[in-house]
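The lines below spell out each chain.
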Amino acid sequence: MKKIALILILVLLAACTSVKENLTISDQEKEILNSKDQQEVTIADEETEYEIIIIEPGFYAWLNSIARPEGYYSQNFLENRNQIYVMNWNQRVLNPTAFNPNLYELQINYDPNIDYGYEVNYKLYNYFIFFQRKYNQRLGPFFPRI
């Protein structure tokens, strides 16, 4: 009986282990991720007077060539993912001994009760995907795929 229980436990443990996906990055994306182009991307919504300016080398080119086009994701999808990413981002900002403070410099004030509009959520979400792919980070349970 002990052998059956042990085998059952081993089978359950094997079933519970996660499969680690490898991040596949094309040559074109590698070139953009490594570029020094510092063209800024402005994330703004006039109604909420909310604005973020991202000056991250390569993000402008990545957003316009690699990222899924506007309209690909629903606003609800983007808001849900952004809430998770912002929460994890802010936790890392507050813990500079465990996470690189050069990567996680400033907190992001993202209130899930405010409708920031599609464009803000789209660009913020894509920045998080870009950031995770460029710096090999995971800001949540989702694999940062395109």
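Residues numbered from 1 in each chain as written. Predicted model: local features only at pLDDT ≥ 70, side-chain atom pairs only at ≥ 80, totals over all residues. Heavy atoms only, no water.

### Thoughts on helix H4 (residues 75-93)
Here is step 1: In this model H4 runs 26 Å from its N-terminal to its C-terminal C-alpha over 19 residues, within 8% of the 27 Å that 1.5 Å per residue would give.
Here is step 2: Of the positions making up H4, those classed as buried are Leu78, Glu79, Arg81, Asn82, Tyr85, Val86, Asn88, Trp89, Asn90, Arg92 and Val93.
Here is step 3: Where H4 is buried, its residues touch helix H5 (118-135). (Helix = DSSP H or I, 4+ residues; strand = E, 2+ residues; numbered from the N terminus. Expected span 1.5 Å × (residues − 1). Buried < 20%, exposed > 50% of the residue type's maximum accessible area, 1.4 Å probe, protein only. Contact = heavy atoms within 4.5 Å.)

### Looking at the layout of surface pockets
Here is step 1: Estimates place the volume of the largest pocket at around 480 Å³.
Here is step 2: Along the walls of the largest pocket sit 18 residues, with Trp89, Leu103, Glu105, Leu106 and Tyr127 positioned nearest its centre.
Here is step 3: Secondary-structure elements contributing two or more residues to the lining of the largest pocket are strand E2 (50-54) and H5.
Here is step 4: Across the lining of the largest pocket, the residue classes tally to 13 nonpolar, three polar and two charged. (1 Å grid on protein atoms, 1.4 Å probe; cavity = no way out; pocket = protein on both sides within 12 Å on 5 of 7 lines; lining within 4 Å. Points joined across faces, edges and corners; volume = space filled by probe spheres on them. Nonpolar A, V, L, I, M, F, W, Y, C, P; charged D, E, K, R; others polar.)

### Here's the deal with empty space enclosed by the protein
Here is step 1: Summed over the entire model, instances satisfying the criterion amount to one cavity of 30 Å³ or more.
Here is step 2: By volume, the largest cavity amounts to about 30 Å³.
Here is step 3: What lines the largest cavity is simply Trp62, Ala67, Arg68, Tyr73, Tyr125, Asn126, Ile129, Arg145 and Ile146.
Here is step 4: Ranked by residues supplied to the lining of the largest cavity, first place goes to H5 with three residues.
Here is step 5: Split by residue class, the lining of the largest cavity holds six nonpolar, one polar and two charged.

### Considerations on unusual backbone geometry
Trans is the prevailing form of peptide bonds, just as negative phi is the prevailing case for residues other than glycine.
Here is step 1: Look at asparagine 136: it is not a glycine, yet its phi comes out positive at around 55°.
Here is step 2: Judged by relative accessible area, asparagine 136 falls into the exposed class, the value being 63%.

### A look at the environment of isoleucine 146
Here is step 1: Position of isoleucine 146 relative to the elements: it lies in the segment after H5.
Here is step 2: The sequence separation of isoleucine 146 and alanine 67 amounts to 79 residues, and the corresponding C-alpha distance is 6.4 Å.
Here is step 3: Non-local contacts of isoleucine 146, meaning those with residues more than four positions away in its chain, are made with Glu29, Trp62, Ile66, Ala67, Arg68, Tyr73 and Arg133.

### Let's talk about the nonpolar core
Here is step 1: Ranked by size, the top nonpolar core spans 33 residues in total, and within it Phe59, Trp62, Trp89 and Phe128 carry the most contacts.
Here is step 2: Every element with two or more residues in this core is listed here: helix H2 (27-33), strand E1 (41-45), E2, helix H3 (59-65), H4 and H5.
Here is step 3: For this core, the leading source of residues is H5, giving nine residues.
Here is step 4: The residues touching tryptophan 89, leaving out its near neighbours within four places in the chain, are Leu103, Tyr104, Leu106, Ile108, Tyr127, Phe128, Phe131 and Leu139. (Core = buried A, V, L, I, M, F, W, Y, C linked by side-chain atoms within 4.5 Å.)

### Concerning the pattern of salt bridges
Here is step 1: This model, assessed by the stated rule, comprises three salt bridges.
Here is step 2: In this structure, glutamate 29 and arginine 133 form a salt bridge, with 2.6 Å as the shortest nitrogen-oxygen distance. In this pair, glutamate 29 sits in helix H2 while arginine 133 sits in helix H5, placing the two residues 104 residues apart along the sequence.
Here is step 3: Judged by relative accessible area, which is 2%, glutamate 29 ranks as buried.
Here is step 4: On the basis of relative accessibility, which here comes to 6%, the residue arginine 133 falls in the buried class. (Salt bridge = Lys/Arg side-chain N within 4 Å of Asp/Glu carboxyl O.)

### Quick word on the side chain of asparagine 82
Here is step 1: Assignment of secondary structure puts asparagine 82 in helix H4.
Here is step 2: Asparagine 82 has contacts with Tyr110, Asn121, Leu124, Tyr125 and Phe128, leaving out every residue within four places of it along the chain.

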